[in-house]
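# Survey of secondary and tertiary structure
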Amino acid sequence: MNTHLPLWQRQLAEAFSSVADLCRYLQLDPASLPLLPHCKDFALRVPRGFADCMVAGDPNDPLLRQILPLQDELEHYPGFSHDPVGDLNAVAEAGVIHKYQGRVLLICTGACAINCRYCFRRHFPYADQQLSKQKLQQALTYIAARPEISEVILSGGDPLLLKDDKLSYLLEAVSEISHVRRIRIHSRIPVVLPARVNPDLLETLHKLPQPVVLVLHANHANELSEEVANACRSLKQQNVTLLNQSVLLQGINDDSQTLLQLNEKLFSLGVLPYYLHCLDRAKGVGHFEVPEKQALALMQSLQEQLPGYLVPKLVKEQAGAAHKIRLA
Ligand SMILES: *Cc1c(COP(=O)(O)O)cnc(C)c1O
Ligand code: SF4
């Protein structure tokens, strides 16, 4: 099928989209799992390479838990809403979120290569926020008219889901705005679909005059396979600064050994930890929340065991605030 497509696009097309198929692959009996009966508005989506990092037969595997739609999502938790971080109030133009001074975030696409159950963007009205050619021009005009904007962040969804020609067009257009000093990309794709870090992407990054910062998203050391390590190596060769953000998730990475191993492993790949996010309180994700007291104790333990540069900043997003709030 589709052999003319680049490898990463074929892998994307072959990602698991059915719980039954995934369970069969992992030798799990779906009848023994408390599955969500249907999840049409936020379907299961898992690239095979990510599933290969899971332990077959383990229903509590920390990678499986990030993507498996469970009945827990129906549980009501007070304070969990549809726009927990106030992004909808910060939409400056379609696809442009200007919340923090000096930085704007561009919503490049609503889609991701993987659907993480804890994601606050699961309720985001993306249809309105896609960057069409015309909206992209408006976004560029918005940035060009504001010399105080020194950093443009490509986000989403996952911006590396854009095809090579569209992505290079976007990056080059942003890089031509003279007051943009840094370009940042927020992407989970080098972790969940490392084949996307292909020669075309590397060439595009290589040609940009501004320094590029790529903020990855890994929550557990098991996500960091040899393919991911190779992708990181190629990015480092283009002088891309590699950082990582994680979300603190109950039953997945809420113990100090797991976080320690994650940050050690990241460093061995040339990636420095940046943020450890407290869960954004979106509807349907309450069961992933780690109490703040426990989060602070975990940070204390990490600080005792790791050099300061391997300790991420524990932060939470607060609607209306001028920056992310640091807890530790
Ligand atoms: C997180 C975020 C940023 C970037 O914040 P940093 O603290 O610089 O990483 C920018 N804009 C929005 C809307 C964000 O959510
Ligand atoms: S990759 Fe990021 S934006 Fe996409 S579903 Fe996962 S957490 Fe959400």
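This one's a predicted model, so the numbers in the text were calculated from it and none came from an experiment.

## A closer look at the site of ligand 1
Close to ligand 1 lie Ile-97, Lys-99, Tyr-100, Arg-103, Leu-105, Ile-153, Arg-184, Tyr-274, Tyr-275, Glu-317 and Lys-324. The contact in question runs from an oxygen atom of ligand 1 to an N or O atom on the side chain of Arg-103, over 2.7 Å. Glu-317 places a polar side-chain atom, nitrogen or oxygen, 3.2 Å from an oxygen atom of ligand 1. Relative to its unbound accessible area of 380 Å², ligand 1 is 91% covered by the protein chains. Of the residues forming the shell around ligand 1, the biggest block, three residues, is contributed by strand E2 (residues 96–100). Classifying every residue of the shell around ligand 1 by side-chain character gives six nonpolar, no polar and five charged.

## Let's talk about the side chain of Asp-61
Structurally, the position occupied by Asp-61 is in the loop between helix H3 (48–51) and helix H4 (64–67). Although Asp-61 is buried, it makes no salt bridge; Arg-65 carries the closest opposite charge, 9.2 Å away. Beyond its immediate sequence surroundings of up to four residues, Asp-61 is in contact with Met-54 and Val-55.

## Description of the environment of Lys-99
Position of Lys-99 among the secondary structure elements: in strand E2. Along the primary structure Lys-99 and Pro-59 are separated by 40 residues, whereas in three dimensions their C-alpha atoms are 39 Å apart. Among residues more than four places away in sequence, those in contact with Lys-99 are Val-85, Asp-87, Ala-90 and Glu-317. Polar contacts involving the side chain of Lys-99 include one to the side chain of Glu-317, which spans 3.3 Å.

## Quick notes on helix H11 (residues 292–305)
For H11, spanning 14 residues, the distance from its first C-alpha to its last is 20 Å, which sits close to the expected 20 Å at 1.5 Å a residue. Residues Ala-295, Leu-298, Met-299, Ser-301 and Leu-302 constitute the buried set of H11. One face of H11 carries all of its buried residues, which in axial projection span an arc of 165 degrees. Exposed side chains of H11 directed beyond 90 degrees from the buried face belong to Lys-293 and Glu-304.

## Structural notes on the site of ligand 2
Residues in contact with ligand 2, as listed here, are Cys-112, Ile-114, Cys-116, Tyr-118, Cys-119, Arg-188 and His-217. Per-class residue counts for the shell around ligand 2 are five nonpolar, one polar and one charged.

## What about the domain arrangement of the protein?
Domain boundaries in the protein define domain 1 (7–74) and domain 2 (88–326). The centre of domain 1, based on its C-alpha atoms, is set 23 Å off from the matching centre of domain 2. Counting from both sides, the interface comprises 24 residues of domain 1 and, opposite them, 33 residues of domain 2. Of the roughly 2500 Å² buried between domain 1 and domain 2, counting both surfaces, carbon and sulfur atoms make up 60%. Looking only at domain 1, the three residues that lose the most surface to domain 2 are Trp-8, Phe-42 and Gln-66, adding up to 34% of its buried area. At the boundary of domain 1 and domain 2, one finds one salt bridge. Glu-73 is paired through a salt bridge with Arg-117; the nearest N and O atoms lie 2.8 Å apart. Here domain 1 is connected to domain 2 by nine residue pairs in polar contact (both at pLDDT 80 or more).

Rules used in this analysis
- Residues numbered from 1 in each chain as written.
- Chains lettered and ligands numbered in written order.
- Predicted model: local features only at pLDDT ≥ 70, side-chain atom pairs only at ≥ 80, totals over all residues.
- Heavy atoms only, no water.
- Near = heavy atom within 4 Å.
- Polar contact = N/O pair within 3.5 Å; in protein donor to acceptor, adjacent residues only side chain to side chain.
- Areas by Shrake-Rupley, 256 points an atom, 1.4 Å probe, with all protein chains shown as cover.
- Helix = DSSP H or I, 4+ residues; strand = E, 2+ residues; numbered from the N terminus.
- Nonpolar A, V, L, I, M, F, W, Y, C, P; charged D, E, K, R; others polar.
- Buried < 20%, exposed > 50% of the residue type's maximum accessible area, 1.4 Å probe, protein only.
- Lys, Arg positive; Asp, Glu negative; His and termini not counted.
- Salt bridge = Lys/Arg side-chain N within 4 Å of Asp/Glu carboxyl O.
- Contact = heavy atoms within 4.5 Å.
- Expected span 1.5 Å × (residues − 1).
- Arc of directions from axis to C-beta.
- Domains from an automatic or database assignment.
- Buried area = accessible area lost by both parts, 1.4 Å probe.

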